[in-house]
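# Summary of structural features
Here's the letter readout for the chains.
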Amino acid sequence: MKYKAFFCDFDGTLCTRDEYVSPANREAIKKYLAAGGRFVLNTGRMTVPTHKILVSLGIDNQTVPMIGYNGAHAADKDGNTIFCKFLPIETLKRVIEIAKNHNTYMHFYDPSFVYAAERNEINAWYEHITGSPIKAVGDLAAYVDAHPDLTPMKIMIVRENQSDEEWNKLVDAVGDANLGGVEYYMTTKNYLEFVSSDAGKATGMKAVADIYGIPLSECAAMGDGQNDIGMIRAAGLGIAPASANADVRAAADVIAPRADDDAVAWAINKYCLEEK
């Protein structure tokens with residue numbers, strides 16, 4: 001088997017709507033595992049609420065079944081933390097200020113909760129889809145000041161009804177802020193996400209591949225968002241579905257069919273399973 005590990009994004013790659021994973025994708029993953037491959041989710045989602053997905057895919061008993069928070073956290077099959085990368089508190093405070101100045105919704109994550117100023121339609125939908133528990137804390141800046149022991153792992157700013165001009169001004173403000181210890185990217189057309197500069201999906205992939213004793217040259221990685229570009233470039237085989245953004249497709253070695261056309265199954269069957 002040329003590619004002994006397959007690191008896969010979830011939303012927009014393996015899953016296309018409401019945690020739906022097609023029968024063809026499930027069957028390909030099952031065959032790949034049976035052949036001795038390691039299939040690892042590498043997602044922006046929180047780790048703990050994603051366990052039910054691992055069970056449904058049959059990968060929950062692997063030594064390390066998933067990487068969460070865009071490469072900021074991984075745990076073993078028993079839930080023990082393998083690595084955890086936190087954002088600087090001062091960076092969190094600065095992003096809160098930028099979002100407030102541009103009248104834009106944001107929330108942030110630690111290992112247990114998603115922190116928002118109040119419950120609303122945005123985070124209610126997010127909680128429903130991902131299972132991530134929302135904790136409404138009032139004014140975010142005041143809450144962070146009152147809790148200096150917070151361990152933030154990810155920040156998300158959400159585009160709602162902003163015009164292109166309004167959104168671009170916010171993104172420019174983020175760039176002009178010279179934020180320390182952070183990397184950020186658009187993970188969808190509406191989500192601007194921040195993690196530690198010591199994290200990222202490529203870093204997470206490398207750490208887990210090392211645990212499995214598999215060189216990156218023998219790893220495949222597949223994703224559709226800007227947060228996937230690092231792992232796509234770092235893997236021995238980088239794959240993007242045809243439905244991915246142009247910059248993601250440009251980073252890939254291979255373009256698969258669209259995500260909703262069983263792209264993961266296509267990639268596994270074509271590049272990872274030995275022909276009989």
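Details of the structure are given in the entry above.
As a starting point, this report considers the structure included with it. (Residues numbered from 1 in each chain as written. Predicted model: local features only at pLDDT ≥ 70, side-chain atom pairs only at ≥ 80, totals over all residues. Heavy atoms only, no water.)

### Quick look at the sheet that holds strand 10 (residues 182–186)
Ordered in space as 8-7-6-9-11-10, the six strands form an open sheet in which the pairing is mixed. Whereas interior strands pair on both sides, the edge strands pair on one side only; in this sheet they are strand 8 (134–136) and strand 10. Taking each pair of neighbouring strands and ignoring which way they run, the sheet shows an average axis angle of 25°. Note that strand 6 (residues 106–109) and strand 7 (residues 114–116) share two bridges and pair antiparallel. The partner of phenylalanine 108 across the bridge, within strand 7, is tyrosine 115. Against the sheet, helix 3 (residues 89–101) touches strand 6, strand 9 (154–158), strand 10 and strand 11 (191–196), its axis set at about 165° to strand 6. Each of strand 9, strand 10 and strand 11 is contacted by helix 6 (residues 164–176), which is oriented at about 10° to strand 11, the strand it contacts most. (Pairing = 2+ DSSP bridges. Helix = DSSP H or I, 4+ residues; strand = E, 2+ residues; numbered from the N terminus. Axes fitted to C-alpha atoms, helices over the stretch in contact; angles between N-to-C directions. Contact = heavy atoms within 4.5 Å.)

### Some points on unusual backbone geometry
Even without being glycine, tyrosine 69 reaches a positive phi, approximately 55°. Locating tyrosine 69 in the fold gives a position in the loop between strand 3 (66–68) and strand 4 (73–75). The backbone of asparagine 70 sits at a positive phi, close to 55°, despite the residue not being glycine. Here asparagine 70 shows up in the loop between strand 3 and strand 4.

### Remarks on the nonpolar core
Judged by nonpolar contacts, the single largest core of 30 residues is most densely connected at Phe6, Leu14, Phe39, Leu41, Ile239 and Ile268. At the level of elements, strand 1 (5–8), helix 1 (23–34), strand 2 (38–42), helix 2 (51–57), strand 12 (219–222), strand 13 (237–241), strand 14 (254–256) and helix 10 (263–272) are the ones that each hand at least two residues to this core. If one sorts the elements of this core by residue count, helix 10 sits on top with six residues. Excluding residues within four positions of it along the chain, phenylalanine 39 makes contact with Phe6, Cys8, Leu14, Ile29, Tyr32, Leu33, Ile59, Gln62, Pro65, Val264 and Ile268. With 26 residues, the next largest nonpolar core counts Leu92, Tyr115, Val137 and Ile157 among its residues. (Core = buried A, V, L, I, M, F, W, Y, C linked by side-chain atoms within 4.5 Å. Buried < 20%, exposed > 50% of the residue type's maximum accessible area, 1.4 Å probe, protein only.)

### Focus on the packing of aromatic side chains
What the rule picks out here adds up to nine aromatic pairs. Between the aromatic rings of tyrosine 69 and tyrosine 109, the centroid separation amounts to 6.2 Å while the plane-to-plane angle is 85°, which identifies the pairing as edge-to-face. Of this pair, tyrosine 69 sits in the loop between strand 3 and strand 4 while tyrosine 109 sits in strand 6, and the two are 40 residues apart along the sequence. Pair check on accessibility: tyrosine 69 and tyrosine 109 agree, each one buried. The interplanar angle of 10° and the centroid separation of 4.9 Å between the aromatic rings of phenylalanine 108 and tyrosine 115 together place this pair among those described as stacked. Taken together through their ring pairs, the aromatic side chains of Phe108, Phe113, Tyr115 and Tyr143 make up a single cluster. (Phe/Tyr/Trp six-rings, centres within 6.5 Å; stacked < 30°, edge-to-face > 60°.)

Any functional reading would require information that these geometric values do not contain.
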